[in-house]
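Chain by chain, the residues run as shown.
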Amino acid sequence: MHLSKCNLFITMCALLLLTGCGSGIRHSYQSDVQFTSTMRLAILPFDNLSGRDKAGEKVTEYLFQSLSRSEKIHVAESGTVYDALRRNRIRSTTVLTGQQIDTLATALGVTHLLTGSVLDYSEQDNQYLGKVPTVAFTVRLIDVSTGQTVMTATANDRGDRRSFLFGIGSIKSSDLLAKRLADDVASRLASRVEK
């Protein structure tokens, strides 16, 4: 009897560890397109639908930092992108016309535009874990030669999703969680670029 209780205890601990290691990051791709090594990308400012001040700007910057580290993708400088948007009087980057896509492609010398929306960027109080952040955003990649969306992704996670015991492994900040999600989106996009 003692042996079976010990086995039960070990099994329960293993299950706790395994469930705490789940990623909680969900991506769905509209297309299984492979991109060429000549991919030149402009990251447009993300719309902020979260209600949290500057959430769109933060996610845009985190994606810029993450994608700029990739050797496979050339990313246009943020200042150049903002300047092109201002000069061409483009205010919303979520819905772009064919003419706006062509104008930005020419001005920035890019093959793709990346845009999206921040849906959630919050922190809830938890009596056991303290602040638990939640971040969710959508990403849309536009091929400027066709004006078509060639990839979409949804990234969302909670800071306590990886926590398995007494908050160990949890993320306590929305900013850190958003950076982790941006890194994941960048690595998945870079993995689709041919060398």
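Residues numbered from 1 in each chain as written. Predicted model: local features only at pLDDT ≥ 70, side-chain atom pairs only at ≥ 80, totals over all residues. Heavy atoms only, no water.

Colleague: What is the right way to read the nonpolar core from this model?
Modeller: Note on soluble globular proteins: their nonpolar side chains tend to be buried together. Residues Ile43, Leu63, Leu67, Ile73, Phe137, Leu141 and Leu189 are the most contacted members of the largest nonpolar core, which totals 33 residues. Sorting the residues of this core by element identifies strand S1 (40-43), helix H2 (55-68), strand S4 (112-126), strand S5 (130-143), strand S6 (148-158) and helix H5 (174-190) as the ones contributing at least two each. Per element, the largest residue contribution to this core is eight residues, and it comes from H5. Ignoring sequence-local partners within four residues, the contact set of Leu141 consists of Phe35, Met39, Leu41, His112, Leu113, Leu114, Gln148, Thr149, Val150, Met151 and Leu189. (Core = buried A, V, L, I, M, F, W, Y, C linked by side-chain atoms within 4.5 Å. Buried < 20%, exposed > 50% of the residue type's maximum accessible area, 1.4 Å probe, protein only. Helix = DSSP H or I, 4+ residues; strand = E, 2+ residues; numbered from the N terminus. Contact = heavy atoms within 4.5 Å.)

Colleague: Please clarify how helix H3 (residues 78-87) should be interpreted in this entry.
Modeller: Because each turn of an α-helix spans 3.6 residues, side chains separated by three or four positions end up pointing in the same direction. The set of residues buried in H3 consists of Val81, Ala84 and Leu85. Buried residues of H3, viewed axially, fall in a sector of 100°; they line one side. Of the surrounding secondary structure, the elements contacted by the buried residues of H3 are S1 and helix H4 (98-108). Downstream of H3 by a residue or two, Arg89 has a phi angle that is positive, lying close to 55°. (Arc of directions from axis to C-beta.)

Colleague: Whenever I open this one, the confidence of the model for the protein confuses me. Can you help?
Modeller: Atom-level detail of predicted coordinates should not be read off regions where pLDDT is low. Residues of the protein with pLDDT of at least 70 account for 72%, and the chain-wide mean is 80. The low-confidence segment residues 5-24 (pLDDT under 50) makes 15 contacts with residues lying over four places distant or belonging to another chain. A low-confidence stretch, residues 164-169 (pLDDT under 50), is modelled with nine contacts involving residues beyond four sequence positions or located in other chains. (pLDDT = per-residue confidence, 0-100.)

Colleague: Can you help me understand the packing of H3 against H4 in this one?
Modeller: Helix-helix packing is characterised by the crossing angle of the two axes and by the distance between the axes. Packing of H3 against H4 leaves a shortest axis separation of 10 Å and a crossing angle of 135°. When the interaxial angle is binned, H3 and H4 end up oblique. H4 is crossed by H3, and the crossing has right-handed handedness. On the side of H3, the interface is formed by Thr80, Val81, Ala84 and Leu85, while H4 contributes Leu104, Ala107 and Leu108. For the contact of H3 with H4, a count of residues per class yields six nonpolar, one polar and no charged. (Axes fitted to C-alpha atoms, helices over the stretch in contact; angles between N-to-C directions. Parallel < 35°, antiparallel > 145°, perpendicular 65-115°, else oblique. Left-handed = near helix turned anticlockwise from the far one by under 90°. Nonpolar A, V, L, I, M, F, W, Y, C, P; charged D, E, K, R; others polar.)

Colleague: What's the story with the pattern of salt bridges in this structure? I'm lost.
Modeller: If charged atoms from side chains of opposite charge come close, those side chains can pair. With the rule as written, the count across this model stands at six salt bridges. Of the charged contacts, one joins Lys58 and Asp175 as a salt bridge, the two residues approaching to 3.3 Å between their closest N and O atoms. With Lys58 in helix H2 and Asp175 in helix H5, this residue pair connects regions lying 117 residues apart in the sequence. For Lys58, a relative accessible area of 25% gives the class partly exposed. Put simply, Asp83 and Arg86 hold a salt bridge, and the shortest N to O gap is 2.4 Å. (Salt bridge = Lys/Arg side-chain N within 4 Å of Asp/Glu carboxyl O.)

Colleague: Is there a simple way to think about the packing of aromatic side chains in this case?
Modeller: The geometry of an aromatic ring pair is captured by two quantities: the separation of the ring centres and the angle between the planes. In total, this model carries one aromatic pair according to the counting rule given. Ring geometry for Phe46 against Phe137: centres 6.4 Å apart, planes inclined by 75°, an arrangement best described as edge-to-face. Taken together, the residues Phe46 in the loop between S1 and strand S2 (47-48) and Phe137 in strand S5 connect sequence positions 91 residues apart. Judged by its relative accessible area of 5%, Phe46 is buried. (Phe/Tyr/Trp six-rings, centres within 6.5 Å; stacked < 30°, edge-to-face > 60°.)

Colleague: Would you explain the packing of H2 against H5 in this entry?
Modeller: Following both chains from N to C, one finds H2 and H5 inclined at 45°, their axes separated by 8 Å at the closest point. In terms of their interaxial angle, H2 and H5 are classed as oblique. Where H2 crosses over H5, the handedness of that crossing is right-handed. Counted together, Lys58, Tyr62, Leu63, Ser66 and Leu67 of H2 and Asp175, Ala178, Lys179, Ala182, Asp183, Val185, Ala186 and Leu189 of H5 form the full contact between these two elements. Considered class by class, the residues forming the contact of H2 with H5 number eight nonpolar, one polar and four charged.

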